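# Examination of the molecular architecture
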Amino acid sequence: MLKPFYKFKRKGYWHVKLKDEYGKPMTARSTHTKDENEADEISCIWTLELRGKLPQFTPQLTPKGTPFFIPQGAYYARQFTPQVQTEEQGKEYDKMDAFELMSLYWDYARSPYILGFKKQGRRPPEPEAYARALRFIQRLEPQLSMIKVKNVKAEAINDILEKYRQDRNISGTTMRGYSGYLRQAFRYFYKMDLITQDIGDKIINYSLDTRPKSIFTDSELKKLFGGTEYFANDTVKLVSKLLAVTGCRSGELFALQKTDLQETDDGYFLDVSKNLTTDTRRIKCTKTRREDMVYIPKDIAEELKAQMQESSDFLIPNQRTKDAMVYTTVNRSFKAACKKAGIVKSNLTLHSFRHGFIVAARDKGITEEQLLQVTRHESIKGLKTYLNHSSPEVVKKQREIVSFIGELLS
(Lines give C-alpha, C1' and ligand atoms only; values in the text may rest on other atoms or scores of the structure.)
Protein backbone atom coordinates (compact mmCIF):
# COMPACT_ATOMS: atom_id res chain seq x y z
CA MET A 1 0.00 0.00 0.00
CA LEU A 2 1.34 3.40 -0.96
CA LYS A 3 1.99 5.85 1.84
CA PRO A 4 -0.84 8.42 1.96
CA PHE A 5 1.64 11.27 2.30
CA TYR A 6 5.25 12.15 1.65
CA LYS A 7 7.48 14.58 3.53
CA PHE A 8 10.51 16.69 2.75
CA LYS A 9 12.75 19.16 4.54
CA ARG A 10 12.72 22.89 3.91
CA LYS A 11 15.03 25.18 5.90
CA GLY A 12 15.50 22.42 8.48
CA TYR A 13 11.78 21.80 9.11
CA TRP A 14 9.75 18.83 7.88
CA HIS A 15 6.95 19.62 5.43
CA VAL A 16 4.24 17.18 4.42
CA LYS A 17 2.13 16.69 1.29
CA LEU A 18 -0.95 14.61 2.03
CA LYS A 19 -2.66 12.71 -0.78
CA ASP A 20 -6.38 12.93 -1.41
CA GLU A 21 -8.63 9.92 -1.97
CA TYR A 22 -7.52 9.78 -5.62
CA GLY A 23 -3.81 9.78 -4.72
CA LYS A 24 -3.24 13.35 -5.87
CA PRO A 25 -0.77 15.32 -3.71
CA MET A 26 -2.30 18.23 -1.81
CA THR A 27 -0.70 21.55 -0.89
CA ALA A 28 2.42 21.15 1.28
CA ARG A 29 2.10 21.98 4.97
CA SER A 30 4.81 22.58 7.55
CA THR A 31 4.83 20.40 10.67
CA HIS A 32 6.93 23.09 12.38
CA THR A 33 9.27 20.45 13.76
CA LYS A 34 12.80 19.31 12.92
CA ASP A 35 12.21 15.87 14.50
CA GLU A 36 11.44 13.26 11.81
CA ASN A 37 9.62 10.88 14.16
CA GLU A 38 7.43 13.71 15.41
CA ALA A 39 6.75 14.79 11.82
CA ASP A 40 5.66 11.23 10.99
CA GLU A 41 3.22 11.14 13.89
CA ILE A 42 1.78 14.53 12.98
CA SER A 43 1.40 13.41 9.37
CA CYS A 44 -0.43 10.26 10.43
CA ILE A 45 -2.85 12.29 12.56
CA TRP A 46 -3.47 14.71 9.70
CA THR A 47 -4.08 11.76 7.36
CA LEU A 48 -6.62 10.23 9.75
CA GLU A 49 -8.33 13.60 10.04
CA LEU A 50 -8.45 13.84 6.24
CA ARG A 51 -10.02 10.39 6.06
CA GLY A 52 -12.59 11.36 8.69
CA LYS A 53 -11.34 8.81 11.21
CA LEU A 54 -10.49 11.34 13.93
CA PRO A 55 -12.63 14.22 15.16
CA GLN A 56 -11.19 17.67 14.54
CA PHE A 57 -10.54 19.74 17.62
CA THR A 58 -12.14 23.08 17.99
CA PRO A 59 -10.79 26.13 19.78
CA GLN A 60 -13.16 27.41 22.45
CA LEU A 61 -13.40 30.99 23.68
CA THR A 62 -13.18 32.09 27.27
CA PRO A 63 -15.44 34.95 28.41
CA LYS A 64 -12.54 37.35 27.75
CA GLY A 65 -12.19 36.11 24.20
CA THR A 66 -8.88 34.27 24.70
CA PRO A 67 -8.83 30.82 23.03
CA PHE A 68 -8.11 27.65 24.92
CA PHE A 69 -7.95 24.22 23.36
CA ILE A 70 -9.57 20.88 24.07
CA PRO A 71 -7.04 18.17 23.15
CA GLN A 72 -8.23 15.04 21.34
CA GLY A 73 -4.87 13.35 20.82
CA ALA A 74 -1.17 13.47 21.52
CA TYR A 75 -0.41 16.36 19.21
CA TYR A 76 -3.77 18.09 19.01
CA ALA A 77 -2.75 20.78 21.46
CA ARG A 78 0.22 21.86 19.36
CA GLN A 79 0.23 25.24 17.68
CA PHE A 80 0.45 23.83 14.19
CA THR A 81 -2.63 21.55 14.36
CA PRO A 82 -5.29 22.57 11.84
CA GLN A 83 -8.27 24.24 13.50
CA VAL A 84 -11.96 24.33 12.68
CA GLN A 85 -13.36 27.76 13.48
CA THR A 86 -17.05 28.54 13.43
CA GLU A 87 -18.15 31.61 11.52
CA GLU A 88 -19.42 33.29 14.67
CA GLN A 89 -16.16 32.72 16.56
CA GLY A 90 -14.09 34.07 13.67
CA LYS A 91 -16.15 37.23 13.63
CA GLU A 92 -15.26 37.91 17.27
CA TYR A 93 -11.67 38.63 16.28
CA ASP A 94 -12.58 40.33 13.04
CA LYS A 95 -14.63 42.84 15.02
CA MET A 96 -11.53 43.94 16.94
CA ASP A 97 -9.44 46.84 15.76
CA ALA A 98 -5.85 46.17 14.73
CA PHE A 99 -4.45 47.60 17.96
CA GLU A 100 -6.59 45.29 20.11
CA LEU A 101 -5.53 42.27 18.06
CA MET A 102 -1.82 43.14 18.19
CA SER A 103 -2.01 43.92 21.92
CA LEU A 104 -3.67 40.56 22.59
CA TYR A 105 -0.89 38.68 20.84
CA TRP A 106 2.05 40.61 22.35
CA ASP A 107 0.74 40.93 25.91
CA TYR A 108 2.68 38.06 27.46
CA ALA A 109 0.07 37.45 30.19
CA ARG A 110 -2.83 37.22 27.71
CA SER A 111 -1.21 36.03 24.49
CA PRO A 112 -3.02 32.94 23.12
CA TYR A 113 0.30 31.81 21.67
CA ILE A 114 1.99 31.84 25.09
CA LEU A 115 -1.06 30.30 26.77
CA GLY A 116 -0.84 27.48 24.26
CA PHE A 117 2.72 26.71 25.38
CA LYS A 118 1.73 26.73 29.05
CA LYS A 119 -1.28 24.46 28.54
CA GLN A 120 0.94 21.99 26.73
CA GLY A 121 3.52 22.01 29.53
CA ARG A 122 6.17 23.33 27.15
CA ARG A 123 8.66 26.05 27.97
CA PRO A 124 7.33 29.30 26.44
CA PRO A 125 9.53 31.94 24.77
CA GLU A 126 11.24 34.51 26.99
CA PRO A 127 9.06 37.52 27.93
CA GLU A 128 11.58 40.23 26.98
CA ALA A 129 10.83 40.10 23.25
CA TYR A 130 7.13 40.39 24.01
CA ALA A 131 7.71 43.41 26.23
CA ARG A 132 9.65 45.15 23.44
CA ALA A 133 7.01 44.32 20.85
CA LEU A 134 4.15 45.50 23.07
CA ARG A 135 5.88 48.83 23.68
CA PHE A 136 6.19 49.34 19.94
CA ILE A 137 2.56 48.38 19.31
CA GLN A 138 1.45 50.86 21.98
CA ARG A 139 3.26 53.66 20.13
CA LEU A 140 1.08 52.92 17.11
CA GLU A 141 -2.18 52.83 19.05
CA PRO A 142 -3.70 56.02 17.51
CA GLN A 143 -3.22 54.68 13.98
CA LEU A 144 -3.93 50.96 14.54
CA SER A 145 -7.06 51.57 16.62
CA MET A 146 -8.65 53.25 13.58
CA ILE A 147 -8.48 50.04 11.50
CA LYS A 148 -10.91 47.14 11.96
CA VAL A 149 -9.36 43.71 11.55
CA LYS A 150 -12.15 42.72 9.16
CA ASN A 151 -11.19 45.57 6.82
CA VAL A 152 -7.45 45.72 7.40
CA LYS A 153 -5.27 46.21 4.32
CA ALA A 154 -1.52 45.68 4.10
CA GLU A 155 -1.18 49.06 2.37
CA ALA A 156 -2.58 50.84 5.43
CA ILE A 157 -0.21 48.99 7.77
CA ASN A 158 2.74 49.78 5.48
CA ASP A 159 1.82 53.47 5.44
CA ILE A 160 1.82 53.51 9.25
CA LEU A 161 5.23 51.81 9.37
CA GLU A 162 6.76 54.10 6.76
CA LYS A 163 5.55 57.24 8.54
CA TYR A 164 6.97 55.92 11.81
CA ARG A 165 10.32 55.25 10.16
CA GLN A 166 10.54 58.64 8.48
CA ASP A 167 9.44 60.61 11.55
CA ARG A 168 12.14 58.99 13.67
CA ASN A 169 14.82 58.29 11.03
CA ILE A 170 15.05 54.63 12.03
CA SER A 171 17.41 52.15 10.35
CA GLY A 172 16.17 49.37 8.10
CA THR A 173 17.39 46.72 10.56
CA THR A 174 15.30 48.13 13.39
CA MET A 175 12.25 48.58 11.17
CA ARG A 176 12.61 44.99 9.96
CA GLY A 177 12.05 43.86 13.54
CA TYR A 178 9.14 46.26 14.05
CA SER A 179 7.31 45.15 10.90
CA GLY A 180 7.95 41.55 11.93
CA TYR A 181 5.90 42.08 15.09
CA LEU A 182 2.82 42.89 13.01
CA ARG A 183 3.49 40.20 10.44
CA GLN A 184 3.93 37.48 13.06
CA ALA A 185 0.70 38.30 14.87
CA PHE A 186 -1.45 38.46 11.73
CA ARG A 187 -0.05 35.14 10.53
CA TYR A 188 -0.76 33.46 13.86
CA PHE A 189 -4.40 34.52 14.11
CA TYR A 190 -5.07 33.58 10.48
CA LYS A 191 -3.31 30.24 10.89
CA MET A 192 -5.50 29.49 13.90
CA ASP A 193 -8.59 30.47 11.87
CA LEU A 194 -9.36 33.30 14.26
CA ILE A 195 -9.42 36.01 11.58
CA THR A 196 -10.64 35.75 8.01
CA GLN A 197 -7.67 37.20 6.10
CA ASP A 198 -3.88 36.99 6.25
CA ILE A 199 -1.92 40.09 5.23
CA GLY A 200 1.36 38.94 6.79
CA ASP A 201 3.17 38.33 3.51
CA LYS A 202 2.11 41.74 2.17
CA ILE A 203 3.50 43.75 5.11
CA ILE A 204 6.72 45.48 4.12
CA ASN A 205 9.90 43.59 5.02
CA TYR A 206 12.66 46.16 5.43
CA SER A 207 16.23 45.53 4.30
CA LEU A 208 18.87 44.79 6.88
CA ASP A 209 21.51 47.43 7.57
CA THR A 210 24.63 45.68 6.30
CA ARG A 211 27.07 48.34 7.48
CA PRO A 212 29.50 46.79 9.96
CA LYS A 213 29.55 48.23 13.47
CA SER A 214 32.53 50.53 14.06
CA ILE A 215 35.47 49.05 15.94
CA PHE A 216 38.56 50.58 17.55
CA THR A 217 42.04 50.56 16.10
CA ASP A 218 44.89 49.51 18.39
CA SER A 219 46.00 53.13 18.83
CA GLU A 220 42.44 54.25 19.67
CA LEU A 221 42.12 51.56 22.35
CA LYS A 222 45.41 52.62 23.93
CA LYS A 223 44.36 56.27 23.88
CA LEU A 224 40.89 55.61 25.33
CA PHE A 225 42.13 53.58 28.30
CA GLY A 226 45.44 55.39 28.73
CA GLY A 227 43.89 58.53 30.22
CA THR A 228 41.67 58.50 33.30
CA GLU A 229 40.28 61.92 32.38
CA TYR A 230 38.11 60.50 29.58
CA PHE A 231 35.72 58.41 31.71
CA ALA A 232 33.18 59.90 34.10
CA ASN A 233 34.07 57.34 36.79
CA ASP A 234 36.21 54.24 37.37
CA THR A 235 33.22 51.87 37.18
CA VAL A 236 32.33 52.78 33.60
CA LYS A 237 35.99 52.56 32.63
CA LEU A 238 36.29 49.11 34.23
CA VAL A 239 33.15 47.82 32.48
CA SER A 240 34.44 49.12 29.13
CA LYS A 241 37.84 47.54 29.70
CA LEU A 242 36.24 44.19 30.57
CA LEU A 243 34.12 44.27 27.43
CA ALA A 244 37.21 45.01 25.32
CA VAL A 245 39.36 42.31 26.94
CA THR A 246 36.81 39.47 27.16
CA GLY A 247 34.46 40.12 24.21
CA CYS A 248 31.53 39.49 26.56
CA ARG A 249 28.03 40.84 26.01
CA SER A 250 27.20 43.75 28.32
CA GLY A 251 24.29 41.82 29.86
CA GLU A 252 26.66 39.00 30.82
CA LEU A 253 28.85 41.43 32.77
CA PHE A 254 25.97 43.33 34.38
CA ALA A 255 24.53 40.03 35.68
CA LEU A 256 27.77 38.98 37.41
CA GLN A 257 27.52 38.22 41.13
CA LYS A 258 30.45 38.33 43.55
CA THR A 259 30.69 34.51 43.50
CA ASP A 260 31.14 34.60 39.71
CA LEU A 261 34.73 35.90 40.10
CA GLN A 262 36.75 32.75 40.70
CA GLU A 263 40.46 32.21 41.25
CA THR A 264 42.04 28.92 40.16
CA ASP A 265 45.55 27.59 39.66
CA ASP A 266 45.28 28.78 36.05
CA GLY A 267 44.34 32.34 36.98
CA TYR A 268 41.14 34.36 37.37
CA PHE A 269 37.91 33.51 35.59
CA LEU A 270 34.39 34.93 35.31
CA ASP A 271 31.37 32.63 35.29
CA VAL A 272 29.27 34.16 32.47
CA SER A 273 26.38 31.70 32.53
CA LYS A 274 23.77 34.42 33.15
CA ASN A 275 22.48 37.47 31.34
CA LEU A 276 20.78 40.64 32.60
CA THR A 277 17.99 41.65 30.22
CA THR A 278 17.79 45.29 29.20
CA ASP A 279 13.99 45.39 29.11
CA THR A 280 12.81 43.71 32.30
CA ARG A 281 16.00 43.86 34.38
CA ARG A 282 15.67 40.11 34.87
CA ILE A 283 18.63 37.77 35.29
CA LYS A 284 18.21 34.72 33.09
CA CYS A 285 20.32 32.10 31.37
CA THR A 286 22.30 32.99 28.25
CA LYS A 287 21.19 32.17 24.70
CA THR A 288 23.21 28.96 24.52
CA ARG A 289 22.25 27.90 28.08
CA ARG A 290 25.84 26.80 28.59
CA GLU A 291 27.96 27.22 31.70
CA ASP A 292 30.91 29.28 30.42
CA MET A 293 34.05 30.52 32.16
CA VAL A 294 35.99 33.48 30.72
CA TYR A 295 39.63 34.15 31.60
CA ILE A 296 40.60 37.67 32.75
CA PRO A 297 44.03 39.17 33.56
CA LYS A 298 45.09 39.45 37.20
CA ASP A 299 45.23 43.27 37.22
CA ILE A 300 41.60 43.52 36.05
CA ALA A 301 40.56 40.93 38.65
CA GLU A 302 42.14 43.12 41.32
CA GLU A 303 40.23 46.14 40.01
CA LEU A 304 37.00 44.12 40.22
CA LYS A 305 37.71 43.23 43.83
CA ALA A 306 38.23 46.90 44.62
CA GLN A 307 34.85 47.76 43.05
CA MET A 308 32.91 45.30 45.20
CA GLN A 309 30.39 46.74 47.67
CA GLU A 310 29.31 45.01 50.88
CA SER A 311 25.76 46.25 50.36
CA SER A 312 25.43 44.66 46.89
CA ASP A 313 25.55 41.12 45.55
CA PHE A 314 26.60 42.35 42.10
CA LEU A 315 30.25 42.14 41.13
CA ILE A 316 30.11 45.54 39.39
CA PRO A 317 27.28 47.42 41.11
CA ASN A 318 25.87 50.82 40.31
CA GLN A 319 27.81 53.06 42.72
CA ARG A 320 24.70 55.04 43.60
CA THR A 321 21.94 52.43 43.85
CA LYS A 322 24.12 49.34 44.54
CA ASP A 323 21.89 47.55 42.02
CA ALA A 324 22.90 46.18 38.63
CA MET A 325 24.40 48.53 36.06
CA VAL A 326 22.03 50.01 33.47
CA TYR A 327 23.06 49.65 29.81
CA THR A 328 21.79 53.03 28.63
CA THR A 329 23.67 54.84 31.41
CA VAL A 330 26.94 53.03 30.77
CA ASN A 331 26.64 53.40 26.99
CA ARG A 332 26.02 57.15 27.34
CA SER A 333 29.11 57.55 29.53
CA PHE A 334 31.15 55.39 27.15
CA LYS A 335 30.21 57.56 24.16
CA ALA A 336 31.06 60.70 26.12
CA ALA A 337 34.50 59.23 26.90
CA CYS A 338 35.09 58.46 23.21
CA LYS A 339 34.18 62.03 22.29
CA LYS A 340 36.61 63.45 24.88
CA ALA A 341 39.34 61.19 23.50
CA GLY A 342 38.67 62.48 19.99
CA ILE A 343 37.35 59.13 18.74
CA VAL A 344 34.31 60.06 16.69
CA LYS A 345 32.84 57.21 14.63
CA SER A 346 29.31 56.43 13.56
CA ASN A 347 27.62 53.31 14.90
CA LEU A 348 30.02 53.05 17.86
CA THR A 349 28.49 51.42 20.98
CA LEU A 350 29.52 49.20 23.87
CA HIS A 351 28.85 46.22 21.58
CA SER A 352 31.68 47.48 19.34
CA PHE A 353 34.09 45.97 21.86
CA ARG A 354 32.68 42.50 21.15
CA HIS A 355 33.07 43.08 17.40
CA GLY A 356 36.65 44.22 17.91
CA PHE A 357 37.46 41.22 20.11
CA ILE A 358 36.19 38.77 17.47
CA VAL A 359 38.10 40.54 14.67
CA ALA A 360 41.31 40.42 16.75
CA ALA A 361 40.75 36.72 17.43
CA ARG A 362 40.24 36.08 13.72
CA ASP A 363 43.45 37.93 12.86
CA LYS A 364 45.31 35.80 15.42
CA GLY A 365 44.28 32.68 13.53
CA ILE A 366 41.47 31.34 15.74
CA THR A 367 39.14 29.18 13.63
CA GLU A 368 35.41 29.79 13.35
CA GLU A 369 34.69 26.59 15.28
CA GLN A 370 36.93 27.80 18.12
CA LEU A 371 35.34 31.24 17.99
CA LEU A 372 31.91 29.64 18.54
CA GLN A 373 33.15 28.43 21.91
CA VAL A 374 35.12 31.55 22.81
CA THR A 375 32.32 33.98 21.99
CA ARG A 376 29.42 31.69 23.03
CA HIS A 377 27.52 31.98 19.76
CA GLU A 378 24.80 29.52 18.81
CA SER A 379 25.77 29.14 15.16
CA ILE A 380 28.36 30.04 12.52
CA LYS A 381 25.69 32.14 10.79
CA GLY A 382 25.36 34.41 13.84
CA LEU A 383 29.13 34.62 14.18
CA LYS A 384 29.68 35.72 10.58
CA THR A 385 27.93 39.06 11.19
CA TYR A 386 30.94 39.94 13.36
CA LEU A 387 33.51 38.97 10.76
CA ASN A 388 32.65 41.47 8.01
CA HIS A 389 35.22 43.99 9.29
CA SER A 390 38.45 44.93 7.67
CA SER A 391 41.55 45.35 9.83
CA PRO A 392 45.26 46.17 9.41
CA GLU A 393 45.97 42.44 9.33
CA VAL A 394 43.44 41.87 6.54
CA VAL A 395 44.85 44.81 4.56
CA LYS A 396 48.35 43.40 5.03
CA LYS A 397 47.25 39.99 3.69
CA GLN A 398 45.57 41.67 0.73
CA ARG A 399 48.80 43.53 -0.11
CA GLU A 400 50.77 40.30 0.10
CA ILE A 401 48.41 38.62 -2.38
CA VAL A 402 48.56 41.60 -4.76
CA SER A 403 52.37 41.60 -4.60
CA PHE A 404 52.51 37.83 -5.17
CA ILE A 405 50.29 37.94 -8.26
CA GLY A 406 52.04 41.07 -9.49
CA GLU A 407 55.39 39.22 -9.43
CA LEU A 408 53.86 36.37 -11.43
CA LEU A 409 52.73 38.78 -14.13
CA SER A 410 55.94 40.81 -14.34
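Up top you'll find the structure we're talking about.
All values derive from a computational prediction rather than experimental measurement.

### Here's the deal with the packing of aromatic side chains
Tallying each qualifying case throughout the model produces 23 aromatic pairs. Judged by centre distance (6.1 Å) and plane angle (80°), the ring pair of Phe216 and Phe334 falls under edge-to-face. Of the two residues, Phe216 is situated in the loop between helix H8 (172–191) and helix H9 (218–226) and Phe334 in helix H13 (residues 327–340); the sequence distance between them amounts to 118 residues. By relative accessible area, which is 0% here, Phe334 ends up buried. The side chain of Lys7 reaches across the aromatic face of Trp14, ending 5.3 Å from its centre.

### Describing the sheet that holds strand E6 (residues 261–264)
Spatial ordering of the open sheet is given by E6-E7-E10, a layout of three strands whose pairing is antiparallel. The sheet is open, and its two edges are formed by E6 and strand E10 (293–296), each paired on a single side. For this sheet the average axis-to-axis angle between neighbouring strands, irrespective of direction, equals 35°. Here strand E7 (residues 267–271) runs beside E10; their pairing, made up of four bridges, is antiparallel. Residue pairing for E10: Leu270 is matched across the bridge by Val294. Its contacts with the sheet put helix H12 (residues 298–307) on E6, E7 and E10, and the angle it makes with E7 is roughly 60°.

### Some remarks on the side chain of Ser391
Relative to the helices and strands, Ser391 resides in the loop between helix H16 (380–384) and helix H17 (392–409). When its relative accessible area of 10% is taken as the criterion, Ser391 is described as buried. Of note is the side chain of Ser391, whose polar atom sits 3.4 Å from the side chain of Arg362.

### Notes on the pattern of salt bridges
Counting across every chain of the model gives 14 salt bridges. Salt-bridge contacts for Lys163 lead to Asp167; the nearest nitrogen and oxygen are separated by 2.8 Å. Note that Lys163 and Asp167 are positioned in helix H7 (residues 154–168) at a spacing of four residues, about one turn of the helix. We classify Asp167 as partly exposed; its relative accessible area is 49%.

### Quick word on unusual backbone geometry
The phi dihedral of Lys322 is positive, around 65°, even though this residue is not glycine. You can see Lys322 is positioned in the loop between H12 and H13. Backbone geometry places Asn347, a non-glycine residue, at a positive phi of 60°. Since its relative accessible area comes to 31%, Asn347 is described here as partly exposed.

What counts as what
- Residues numbered from 1 in each chain as written.
- Predicted model: local features only at pLDDT ≥ 70, side-chain atom pairs only at ≥ 80, totals over all residues.
- Heavy atoms only, no water.
- Phe/Tyr/Trp six-rings, centres within 6.5 Å; stacked < 30°, edge-to-face > 60°.
- Helix = DSSP H or I, 4+ residues; strand = E, 2+ residues; numbered from the N terminus.
- Buried < 20%, exposed > 50% of the residue type's maximum accessible area, 1.4 Å probe, protein only.
- Lys NZ or Arg CZ within 6 Å of the ring centre and 35° of its normal.
- Pairing = 2+ DSSP bridges.
- Axes fitted to C-alpha atoms, helices over the stretch in contact; angles between N-to-C directions.
- Contact = heavy atoms within 4.5 Å.
- Polar contact = N/O pair within 3.5 Å; in protein donor to acceptor, adjacent residues only side chain to side chain.
- Salt bridge = Lys/Arg side-chain N within 4 Å of Asp/Glu carboxyl O.

Keep in mind that these numbers describe shape and distance, not what the molecule does.
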